[in-house]
Amino acid sequence: MHYATPQLMEELTACIACSECLLACPALAEAIPIKALNWETLHGPLSPDIARFAQRCYQCGACVPVCPVGLHRDAMMLWLKVRLLLGPDS
Ligand code: SF4
Ligand code: SF4
């Protein structure tokens, strides 16, 4: 298990699941449930749709200024990219 930073865990806890970050994302090609995205950022195997989204994220940052509570979806997605690279046990 690869451990997330305290800041990442704080951000996931603070997320109000409004989905504004996903609505602003130019790389999102299919509907993603925000609660599943938040859960899978830290836990368990990645479902195929969330794995595809993590691959497609190109770290443009468009998801950040739209967040009403000041969170950094780009950093959360970067963490998901790391999980993808590290494999199913990460
Ligand atoms: S950083 Fe990634 S998740 Fe955020 S808007 Fe850009 S492509 Fe989408
Ligand atoms: S915009 Fe912010 S609060 Fe809303 S779902 Fe995205 S990260 Fe969570």
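Here, every reference points to the structure presented above.
All of the points below concern the structure found in this document. (Residues numbered from 1 in each chain as written. Chains lettered and ligands numbered in written order. Predicted model: local features only at pLDDT ≥ 70, side-chain atom pairs only at ≥ 80, totals over all residues. Heavy atoms only, no water.)

## What about the overall build of the protein chain?
Move 1: Helix and strand content of the protein chain: five helices and zero strands.
Move 2: Over its C-alpha trace the protein chain gives a radius of gyration of 12 Å, about what one expects of a compact globule, namely 12 Å for 90 residues.
Move 3: Each principal axis of the C-alpha atoms in the protein chain carries an extent, and together these give about 30 × 30 × 20 Å.
Move 4: Every one of the 90 residues in the protein chain was classed for burial, and the buried ones make up 38%.
Move 5: Looking at the protein chain alone, contacts between residues at least 24 apart form 68% of all its contacts between residues at least 6 apart.
Move 6: For the protein chain, the accessible surface area stands at approximately 5,300 Å², while carbon and sulfur atoms represent 63% of it.
Move 7: Taken together, the 6 basic and 8 acidic charged side chains of the protein chain have centroids lying 5 Å from each other. (Helix = DSSP H or I, 4+ residues; strand = E, 2+ residues; numbered from the N terminus. Rg over C-alpha atoms; globule rule 2.2 N^0.38 Å. Buried < 20%, exposed > 50% of the residue type's maximum accessible area, 1.4 Å probe, protein only. Contact = heavy atoms within 4.5 Å. Areas by Shrake-Rupley, 256 points an atom, 1.4 Å probe, with all protein chains shown as cover. Lys, Arg positive; Asp, Glu negative; His and termini not counted. Charge placed at Lys NZ, Arg CZ, Asp CG, Glu CD.)

## Looking at the site of ligand 1
Move 1: Around ligand 1, the surrounding shell holds 13 residues, and the nearest of these are C25, C57, C60, G61 and C63.
Move 2: In this structure, ligand 1 is accommodated by the largest cavity.
Move 3: Its residues placed into classes, the shell around ligand 1 shows 10 nonpolar, two polar and one charged. (Near = heavy atom within 4 Å. 1 Å grid on protein atoms, 1.4 Å probe; cavity = no way out; pocket = protein on both sides within 12 Å on 5 of 7 lines; lining within 4 Å. Sits in = over half its atoms within 2 Å of the grid points. Nonpolar A, V, L, I, M, F, W, Y, C, P; charged D, E, K, R; others polar.)

## Some points on the side chain of E11
Move 1: Among the structural elements, E11 can be located in helix 1 (residues 6-14).
Move 2: No salt bridge is formed by the buried E11. Its closest oppositely charged neighbour is R73, at 7.8 Å.
Move 3: Residues within four places of E11 in sequence aside, it is in contact with L71, H72 and M76. (Salt bridge = Lys/Arg side-chain N within 4 Å of Asp/Glu carboxyl O.)

## Observations concerning the site of ligand 2
Move 1: If you check the shell around ligand 2, you find C15, I16, A17, C18, S19, E20, C21, I34, C67, P68, V69 and R73 and nothing else.
Move 2: When its residues are assigned to classes, the shell around ligand 2 shows nine nonpolar, one polar and two charged.

## Points about unusual backbone geometry
Move 1: Even without a glycine there, the phi angle at A17 is positive, about 60 degrees.
Move 2: Of note, the phi angle at S19 is positive, near 70 degrees, even though the residue is not glycine.
Move 3: Among the structural elements, S19 can be located in the loop between helix 1 and helix 2 (20-23).
Move 4: Its relative accessible area of 21% is what places S19 among the partly exposed residues.

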